[in-house]
Amino acid sequence: MWRRPLLHGVLAVTAALIWFCSGSLAGAQEDQGVSTGPRLPAGVGPGREPVPTRYAGTIRVPQDVDTIQAAVDRAKPGGMVLIAPGIYAESVTVTTPYLTIRGLDRDRTIIDGGFVRANGIQVFAADGVAIENLTSRHNLLDGFSWNGVHGYWGRYLTAYDNGGSGIAAYGSDDGQLDHSYAGGSPDSGFSIEACSPCRAVVTDVVGADNAAGFSGTNAEGVSIVNSEWTNNTSGIVPNTQDAPAGAPERDVLIAGNYIHDNGNPAAPSLALIYPSFGMGVVVAGGVDNLVTGNLIEDQPTYGIAVVPILDRNLWPTAGNEIRDNVVRRSGLADLALAAPSAGGDCFAGNDQSTSEPPAIEALYPCAGVRPFAGGGGSLAPTLEALTRSVDAQDGGFVHGDWRTQGAPPPQPGMPGDAAAAPPTLAIPGESVPQPYRIRPLDAIRSSPGPTVSKELTVLGMPLATSWWSLLIGLYGYVLPFVLYATWVAVALWDLIRQESQPLPFRARWMLVVLVVPFIGPVLYLAFGRSPIPRQLRLILTVGGVVIYVVFVLLGLAFGR
């Protein structure tokens, strides 16, 4: 069972407005009216297809057939489709298992959707398909995707200016994405979602100029290593949502990455991604993830942020470990834990200058005594994301157009002779995923010069464009704690002075006030026979909450 946070009162009301209130990518696809699945041949499906015992023949495009789709339809399991340089105006659907689709030149073998076709190459329920050494661009949805497969491999791929994700795996396991580039995607450059366990590796890739460099919705058991994430709206975003299978997201490893200069206002972005603007790593409603050994520089808001998320349910974070990272020059804080959290999130051994809350490694250590073992965190990151979430609702937030991001620089092709190399079979648990070694921090080369200056904050809140909006934001931030402290103090003093009531009666209510977080003093003021006039008690409790909500809404309206 998912653990609910103890502070589920006003804190949950605040967190309940945090981002990702929208549906998953599947919903976005339906909104565009694009069909995403073919009819499958009988007997085809994940885990039902035998691994070929030998290679099948190679079909060349355009020498043997005119189109990639015709070659894929003719190919046999264990065979290969070999594609000559050229621009291919088609959308390719693959249902043949253990097939290799390979371009002869990564930069010049191009599938072009023409801004009218849905996907570049999409694999449906066909195990063991490898796609390598080619480019996919200008598709309404994804450049390359695997859907419901057991075993997949994408390598030496380039995907840019696609309307969904660049390179993605949905509901698939035992896979690897490596030596690839994805840019100009309004959802994510790379995406692995709705798999439990995924048993997937993303390594030696570059995600640039996307909404999220990597998105892992409801993914379990993904390793994101040795890669670069830059100029996206946000860098790496493992997250939980209700609609895809497998919530909550959990057990993702993020290690050996260079994450820098995200917070690009010109990157294309969906509204549901915008609240994570300027964050390097965002664990959104995730559980038991490990973020370690990464170099994270020049993020406009937070270097590493651990935050709750709301879809139909509220998903606070729990058990995430943030250790041994180097985080520099973040605009608001290098490390952040947002409230509410469910407990067990910890920070240790990080080379960082600022955190929210302050002294985060002392308050939330990974070993020894944990002062806030049951949860906690700061409302400042919550309100930062909340403000951007509201700003994004009308679509008027700052972002670029995915259709005009442009081609990346030339990318390295697969080594050796692509025409002579044998097919690449993505055999689950055998050839994919491949073993990997995490590169050490001192092997990650930093880009020259700082690009982000530390933003001035008060109590974790950024200085706004006006003193009025700053005052409103701070009041909305501080008021819950002031109210809670006041309720406890008033309730205890009222019980102490009620000498007409029996001592056991007063002692029981004192325990309720002190032991039951947030709700305890409210229960006493409502049902504890307090001599304070009823009207004053209502103003103190209900009126205080209403005033807090009003100030939060004003802060959203007048904030930046």
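Look up: the structure comes first, before these words.
These notes cover the structure that comes with them. For clarity, every value in this text was computed on a predicted model and none was experimentally measured.

Reading the values: the criteria
- Residues numbered from 1 in each chain as written.
- Predicted model: local features only at pLDDT ≥ 70, side-chain atom pairs only at ≥ 80, totals over all residues.
- Heavy atoms only, no water.
- Helix = DSSP H or I, 4+ residues; strand = E, 2+ residues; numbered from the N terminus.
- Buried < 20%, exposed > 50% of the residue type's maximum accessible area, 1.4 Å probe, protein only.
- Contact = heavy atoms within 4.5 Å.
- Areas by Shrake-Rupley, 256 points an atom, 1.4 Å probe, with all protein chains shown as cover.
- Salt bridge = Lys/Arg side-chain N within 4 Å of Asp/Glu carboxyl O.
- Core = buried A, V, L, I, M, F, W, Y, C linked by side-chain atoms within 4.5 Å.
- Phe/Tyr/Trp six-rings, centres within 6.5 Å; stacked < 30°, edge-to-face > 60°.
- Lys NZ or Arg CZ within 6 Å of the ring centre and 35° of its normal.

For the rest of this paragraph, the subject is the overall build of the chain. Looking only at helices and strands, one finds 9 helices and 35 strands in the chain. Taken across its 560 residues, the chain has 58% of its residues classed as buried. Pairs at least 24 residues apart make up 66% of the contacts formed inside the chain by residues separated by at least 6 positions. Per element, the accessible surface of the chain, about 21700 Å² overall, is 59% carbon and sulfur.

With that settled, the discussion passes to the pattern of salt bridges. A complete count under the given rule lists 15 salt bridges for this structure. With its nearest N and O atoms 2.7 Å apart, the salt bridge here joins Arg155 to Glu132. Within this pair, whereas Arg155 is found in strand β10 (residues 150-160), its partner Glu132 is found in strand β8 (residues 129-137), the two being separated by 23 residues in sequence. Like Arg155, the residue Glu132 is buried in the burial classification. Taking the shortest distance from any N to any O, the salt bridge between Arg388 and Glu384 comes out at 2.9 Å. You can see Arg388 and its partner Glu384 sitting in helix α5 (residues 379-392), 4 residues apart, about one turn around the helix.

A general tendency of soluble globular proteins is for nonpolar side chains to be buried together. Trp146 and Ile192 are the most contacted members of the largest nonpolar core, which has 61 residues in total. The residues touching Ile192, leaving out its near neighbours within four places in the chain, are Tyr152, Ala169, Leu177, Cys198, Ala200, Val202, Phe214, Ser215, Gly216, Thr217, Ala219 and Val222. Counting 17 residues, the second-largest nonpolar core is a separate cluster that includes Val237, Leu272, Leu332 and Ala338.

All right, on to the packing of aromatic side chains then. Here the structure, examined in full by the defined rule, presents 7 aromatic pairs. Three or more aromatic residues joined by ring pairs form one cluster here, namely Tyr274, Phe277 and Phe397. The side chain of Arg155 reaches across the aromatic face of Trp153, ending 5.4 Å from its centre.

Turning to the environment of Ile547, a few remarks are in order. The residue Ile547 is located in helix α9 (residues 534-558) in this model. For Ile547, a relative accessible area of 42% puts it in the partly exposed group. Taking C-alpha positions, Ile547 is 9.0 Å from Leu479, a pair spaced 68 residues apart along the chain.

Such coordinate-based values are descriptive only and should not be taken to indicate function.
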